[in-house]
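So you can see what is in the structure, the chains are spelled out below.
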Amino acid sequence: GEEQSQSQQDHSRQNAEGVTTVATNSHANTLDERESVKLAWRYGAELGLYMFLGYAFQAIGLETTTASRSGFLLYLNVKFVPFFSYFIFGKIIQR
């Protein structure tokens, strides 16, 4: 009886510590989530700006060249990006 009572007390202490730990971690996670959301908005806005500029410059370029040449240059750009990434940033090209 006494061993079982001691085991139940240890278990309840572990539960109480676990709840405290979870409560503390959930507060820390909330701060991390807020920071994560801020970063997501910031990076999303930056990527949106790049997309806008790309479309705008392509539209301006279409005034001075043909659509087929514009499409070729766009396709060529897609093929060159991994090589530029390797030479500029040193990132290895993966399949």
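Residues numbered from 1 in each chain as written. Predicted model: local features only at pLDDT ≥ 70, side-chain atom pairs only at ≥ 80, totals over all residues. Heavy atoms only, no water.

## Observations regarding the overall build of the protein chain
Looking only at helices and strands, one finds two helices and zero strands in the protein chain. Looking at the protein chain as a whole, 2% of its 95 residues qualify as buried. With an accessible surface of roughly 9,000 Å², the protein chain has 62% of that area assigned to carbon and sulfur atoms. (Helix = DSSP H or I, 4+ residues; strand = E, 2+ residues; numbered from the N terminus. Buried < 20%, exposed > 50% of the residue type's maximum accessible area, 1.4 Å probe, protein only. Areas by Shrake-Rupley, 256 points an atom, 1.4 Å probe, with all protein chains shown as cover.)

## Overview of helix α2 (residues 67-89)
In this model, α2 (23 residues) spans 32 Å end to end at C-alpha, consistent with the 33 Å of a helix rising 1.5 Å per residue. Maximum bend of α2: about 35°, positioned at Phe80, with proline Pro82 one to four residues after it. After α2 finishes, the residue Gly90 shows a positive phi value of roughly 75°. (Expected span 1.5 Å × (residues − 1). Bend = angle between axes of the 7 residues up to and from the residue.)

## So, a nonpolar patch on the surface
Taken together, the side chains of Phe80, Phe83, Phe84, Tyr86, Phe87, Ile88, Phe89, Ile92 and Ile93 present a nonpolar region at the surface, about 1,100 Å² in accessible area. Within the secondary structure layout, Tyr86 lies in helix α2. (Patch = residues over 30% accessible without salt bridge, like charges linked within 9 Å, V, L, I, M, F, W, Y side chains within 5 Å. Salt bridge = Lys/Arg side-chain N within 4 Å of Asp/Glu carboxyl O.)

## Points about the layout of surface pockets
The volume enclosed by the largest pocket comes to roughly 250 Å³. Every residue along the wall of the largest pocket is listed here: Met51, Gly54, Tyr55, Gln58, Gly61, Leu62, Thr65, Ser70, Leu73, Leu74, Asn77 and Val78. Of all the secondary structure elements, the ones that give two or more residues to the lining of the largest pocket are α1 (2-62) and α2. With six residues, α1 is the single largest residue contributor to the lining of the largest pocket. Classifying every residue of the lining of the largest pocket by side-chain character gives six nonpolar, six polar and no charged. (1 Å grid on protein atoms, 1.4 Å probe; cavity = no way out; pocket = protein on both sides within 12 Å on 5 of 7 lines; lining within 4 Å. Points joined across faces, edges and corners; volume = space filled by probe spheres on them. Nonpolar A, V, L, I, M, F, W, Y, C, P; charged D, E, K, R; others polar.)

## Overview of the packing of aromatic side chains
Using the criterion set out here, one finds two aromatic pairs in the structure. Plain terms: the ring middles of Phe80 and Phe84 are 5.9 Å apart, the flat faces sit at 45° to each other, and that makes the pair tilted. Remark: Phe84 and Phe80 occur in helix α2; sequence separation between them is four residues, near one turn of the helix. With relative accessibility at 46%, the residue Phe84 sits in the partly exposed group. When the ring of Tyr86 is compared with that of Phe87, the centres are 5.3 Å apart and the planes differ by 70°; the resulting orientation is edge-to-face. With relative accessibility at 40%, the residue Tyr86 sits in the partly exposed group. For Phe87, a relative accessible area of 66% puts it in the exposed group. (Phe/Tyr/Trp six-rings, centres within 6.5 Å; stacked < 30°, edge-to-face > 60°.)

## Digging into the confidence of the model for the protein chain
Across the protein chain, pLDDT averages 76, with 67% of residues at or above 70. When the criterion is pLDDT under 50, residues 19-24 qualifies, and its contacts beyond four places in sequence or with other chains add up to zero contacts. (pLDDT = per-residue confidence, 0-100. Contact = heavy atoms within 4.5 Å.)

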